[in-house]
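# Notes for the structure review
Chain by chain, the residues run as shown.
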Amino acid sequence: MEKHEEDNQTSPTEFLLLGMGDMPTLQIPLFLLLLIIYLVTMVGNILIVVLVVLDQHLHTPMYTFLGALSSLETWYSSTTLPRLLTSFLTGDRAISVHGCMAQFYFFSSFAATECYLLGAMSYDRYLAICQPLLYVRRMTWKVCLQLVAASWLVGVFVSATVTAFLSQTNFCGPKTIDHFFCDFTPLLELSCSDTSVVTLVSFIVCFLSIIFPFWFTLVSYVCIIATILRIPSSVSRKKAFSTCSSHLIVVTVFYVTLFIVYLLPRRAPLRQLNKVFSFFYTVLTPLVNPLIYSLRNREVREALRK
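Residues numbered from 1 in each chain as written. Predicted model: local features only at pLDDT ≥ 70, side-chain atom pairs only at ≥ 80, totals over all residues. Heavy atoms only, no water.

Looking at an unreviewed UniProt entry, the chain carries the name Olfactory receptor, with the source organism given as Phaetusa simplex. In UniProt, the chain has this text filed under Subcellular location (unreviewed entry): "Cell membrane". (UniProt positions renumbered as here; feature names shortened; annotations may be inferred.)

With that settled, the discussion passes to the state of the cysteines. Evaluation of the coordinates by the stated rule reveals one disulfide. Disulfide pairing is shown between Cys100 and Cys182; the S-S distance is 1.9 Å. Sign of the S-S torsion, about -120 degrees for the bond between Cys100 and Cys182, identifies this disulfide as left-handed. Of this pair, Cys100 sits in helix 5 (residues 97–130) while Cys182 sits in the loop between strand 3 (176–177) and helix 8 (184–188), and the two are 82 residues apart along the sequence. With relative accessibility at 0%, the residue Cys100 sits in the buried group. Cys115 takes part in no disulfide bond, and the closest cysteine sulfur, belonging to Cys206, lies 9.3 Å away. Here Cys144 is not cross-linked by a disulfide; its sulfur's nearest cysteine counterpart is in Cys244, at 17 Å. (Disulfide = S-S within 2.5 Å. Helix = DSSP H or I, 4+ residues; strand = E, 2+ residues; numbered from the N terminus. Buried < 20%, exposed > 50% of the residue type's maximum accessible area, 1.4 Å probe, protein only.)

This part takes up the pairing of strand 1 (residues 14–17). Taking every second residue as pointing to the same face, the buried face of strand 1 carries Phe15 and Leu17, while none of Glu14 and Leu16 on the other face is buried. Bridge count between strand 1 and strand 2 (residues 94–96): three bridges; the pairing is antiparallel. The partner of Leu16 across the bridge, within strand 2, is Ala94. In this structure, strand 1 lies alongside strand 3, joined through two bridges in parallel fashion. Considered in strand 3, the bridge of Leu17 is made with Ile177. (Pairing = 2+ DSSP bridges.)

This brings us to the UniProt feature "transmembrane region" (unreviewed entry) in the chain. What UniProt calls "transmembrane region" (unreviewed entry) maps, in this numbering, to residues 28–54, 143–166, 200–229, 241–264 and 276–295. Secondary structure content for residues 28–54 is 100% helix and 0% strand, and the end C-alpha separation is 38 Å. Annotated as residues 200–229, this span is 100% helix and 0% strand, and its ends, taken at the C-alpha atoms, are 42 Å apart.

What follows is the structure, given as structure tokens:
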């Protein structure tokens, strides 16, 4: 009993990621499925980056943002899937504390960057549809690159802030993380120290990196849809909507699953459901993004055929 209490008070050197649960009969099928998803995600997103770089017709702000998003998705997927694949292949679910913090840092920075990048893309579509006469003057190549760089810088900064506070937390008690990657809430559940400061910091960061870009994107699309509905010609309305429909689908899938994950209570009956929705926005969203843009975008399809 004394030994057990002593272990609980000792700061662990590693955590155990429970992953998708104990399903020994499904280890190989899940490994093959995730491997296919990862390969398709990497090939699809890298292909879009290559198309945007090589095809002169795609050297516009809209496709520059698309290339930046696809580049981000390759890194985003690589923070969770390789580790998950390794655990399925070897059965080793242990991850060091430093490795866990590193995974959380990169994952959260890429997620925050994606929120801002999707917001920048919605601003690009707002200018193109609502203020077409000012589009060329306002959305210059310089402004486009500045928005992409700012998205990355903000993502890196806010993630570093939360990670710095989280790393100062004392972890004790169970060393198991009931998730398939090191996320904020599962890590905080293992803390045995006062978490009020890190919780407050994370709330502020979530507002700056998730809520603010979401509302900016939402307001942009309210203006876009209102402008499209005022277009008298049905053909022109369809053409205008087609220029932003792919981005709207990506935004909807990303934010709906993101909000469900972080607003859904982490009670025992809902934890598996939480993992399912986490799987959607961490694994499936980077997979479907290149498919949505390549299948719904005529210029991308033409570049792909070339």
